Amino acid sequence: MDTKYMLLTGASRGIGHATVKVFQEQGWRILTVSRHPFSEACRWPAARESHIQADLGDLDGIEQLAQIVREKLPNGQLAALVNNAGISPKGEGGSRLGVLHTDATTWMQVLNVNLISTALLAKALAPELIAAQGSIVNVTSIVGSRVHPFAGVAYAASKAGLAALTREMAHEFGPLGVRVNAIAPGEISTDILSPGTDKLVKDLVPMQRLGTTTEVAKTIQFLCSDASSYINGAEIHINGGQHV
């Protein structure tokens, strides 16, 4: 069988790294995008030549990014687009940024990276996704549907918007043979956890533990596989029951 290609944004750590590992175990080739240059910590096969440095906050650069991706696809097919990139600015001392402390520049940075670039990248790569009859997975968050003690207002609004965008894209791309779904992680164990997360998990998560990046990555892989061939427009909660 031909090798399947995936484009993964926000691949520099955490869920991104775990997603690469899970997909590579299934024989996929992964193209990664990050605003950071290639990191020596990303030691999977072909990582260096598969990495594209790009700032998704620069919307004028989306078409150039898409063109670089096209040049790396040997058969013009992109089997999966996973939109994992996201930024969540903090205030002084890592404090949560509410409406009263979020300026226009911060709003635009967050919305460009977390929401608008997702739509523009899917639009630019639509021919390659259609050719592969591929899948798009958007990474939203539990904060898109409830107030969270750590996530700021711009981040929360962007994730709520991304959930709506997922539905819109599923409606529009479905007739073209491309499925669009979302995952909404809750408290996931990564290198950087906000102070107080342990108490939040104890009080609000019925399973009484953090989720793992591998658990998130396996759900992404499921949504890009034939096992989910009739799932379209869904948002899967990965939070141990925190949303109930």
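Quick look at the structure, then. Being a predicted model, the structure only gives us computed values, none of them experimental.

## Observations concerning the pairing of strand 5 (residues 135–139)
Turning to step 1, where the next piece is worked out: In terms of residue burial, strand 5 counts as a mostly covered element, since 5 of its 5 residues are buried.
Turning to step 2, where the next piece is worked out: Judged by which residues are buried, strand 5 turns out to be covered on both faces: Ser 135, Val 137 and Val 139 on one side and Ile 136 and Asn 138 on the other are all buried.
Turning to step 3, where the next piece is worked out: Bridge analysis of strand 4 (residues 80–83) against strand 5 gives 4 bridges, and the strand direction is parallel. Within strand 5, the residue paired with Val 82 across the bridge is Val 137.
Turning to step 4, where the next piece is worked out: Sheet topology places strand 5 next to strand 6 (residues 179–185); 5 bridges connect them, and they run parallel. Following the sheet pairing, Asn 138 is matched in strand 6 by Ala 182.

## Describing the side chain of Ser 50
Turning to step 1, where the next piece is worked out: Within the secondary structure layout, Ser 50 lies in helix 2 (residues 47–50).
Turning to step 2, where the next piece is worked out: A polar contact of 3.2 Å, which involves the side chain of Ser 50, links it to the side chain of Arg 29.
Turning to step 3, where the next piece is worked out: Dropping the residues within four chain positions of it, Ser 50 is found in contact with Arg 29, Ile 30, Leu 31 and Thr 32.

## As for the layout of surface pockets
Turning to step 1, where the next piece is worked out: Reported here for the largest pocket is a volume of approximately 1300 Å³.
Turning to step 2, where the next piece is worked out: Around the largest pocket sit 43 residues that line it, and Arg 13, Gly 86, Ile 87, Ser 88 and Tyr 155 are the ones nearest its centre.
Turning to step 3, where the next piece is worked out: Mapped by element, the contributors of at least two residues to the lining of the largest pocket are helix 1 (14–25), strand 2 (29–34), helix 4 (104–124) and helix 6 (153–173).
Turning to step 4, where the next piece is worked out: For the lining of the largest pocket, the leading source of residues is helix 1, giving 3 residues.
Turning to step 5, where the next piece is worked out: The class makeup of the residues in the lining of the largest pocket is 17 nonpolar, 19 polar and 7 charged.
Turning to step 6, where the next piece is worked out: Approximately 300 Å³ is the volume found for the second largest pocket.
Turning to step 7, where the next piece is worked out: Here the lining of the second largest pocket is built from residues that sort into 6 nonpolar, 9 polar and 4 charged.

## Regarding the pattern of salt bridges
Turning to step 1, where the next piece is worked out: Enumeration according to the criterion identifies 4 salt bridges in this entry.
Turning to step 2, where the next piece is worked out: A salt bridge links Asp 203 to Lys 199; its shortest N-O distance comes to 2.6 Å. Taken together, the residues span about one helical turn, with Asp 203 and Lys 199 both in helix 7 (residues 197–204) at a distance of 4 residues.
Turning to step 3, where the next piece is worked out: Accessibility expressed as a relative area gives 57% for Lys 199, which makes it exposed.
Turning to step 4, where the next piece is worked out: For Arg 209, the salt bridge goes to Glu 215, with nearest N and O atoms at 2.8 Å.
Turning to step 5, where the next piece is worked out: The exposure class of Arg 209 is partly exposed, given its relative accessible area of 37%.

## With respect to the environment of Leu 121
Turning to step 1, where the next piece is worked out: One can find Leu 121 in helix 4.
Turning to step 2, where the next piece is worked out: Using a relative accessible area of 1% as the deciding quantity, one classes Leu 121 as buried.
Turning to step 3, where the next piece is worked out: In the structure, Leu 121 is positioned 76 residues away from Thr 197 in sequence and 33 Å away in space, judged by C-alpha atoms.
Turning to step 4, where the next piece is worked out: Look past the residues within four positions of Leu 121 in its chain and what remains in contact with it is Leu 7, Thr 9, Ile 62, Leu 65, Leu 81 and Asn 83.

## Things to note about the packing of aromatic side chains
Turning to step 1, where the next piece is worked out: Going through the model one piece at a time under the given rule, you end up with 1 aromatic pair.
Turning to step 2, where the next piece is worked out: With 5.0 Å between their ring centres and 85° between their planes, Phe 23 and Trp 28 make a pair best called edge-to-face.
Turning to step 3, where the next piece is worked out: Its relative accessible area of 0% is what places Phe 23 among the buried residues.
Turning to step 4, where the next piece is worked out: On the accessibility criterion, Trp 28 (9% relative accessible area) is buried.

Conventions and cut-offs
- Residues numbered from 1 in each chain as written.
- Predicted model: local features only at pLDDT ≥ 70, side-chain atom pairs only at ≥ 80, totals over all residues.
- Heavy atoms only, no water.
- Buried < 20%, exposed > 50% of the residue type's maximum accessible area, 1.4 Å probe, protein only.
- Helix = DSSP H or I, 4+ residues; strand = E, 2+ residues; numbered from the N terminus.
- Pairing = 2+ DSSP bridges.
- Polar contact = N/O pair within 3.5 Å; in protein donor to acceptor, adjacent residues only side chain to side chain.
- Contact = heavy atoms within 4.5 Å.
- 1 Å grid on protein atoms, 1.4 Å probe; cavity = no way out; pocket = protein on both sides within 12 Å on 5 of 7 lines; lining within 4 Å.
- Points joined across faces, edges and corners; volume = space filled by probe spheres on them.
- Nonpolar A, V, L, I, M, F, W, Y, C, P; charged D, E, K, R; others polar.
- Salt bridge = Lys/Arg side-chain N within 4 Å of Asp/Glu carboxyl O.
- Phe/Tyr/Trp six-rings, centres within 6.5 Å; stacked < 30°, edge-to-face > 60°.

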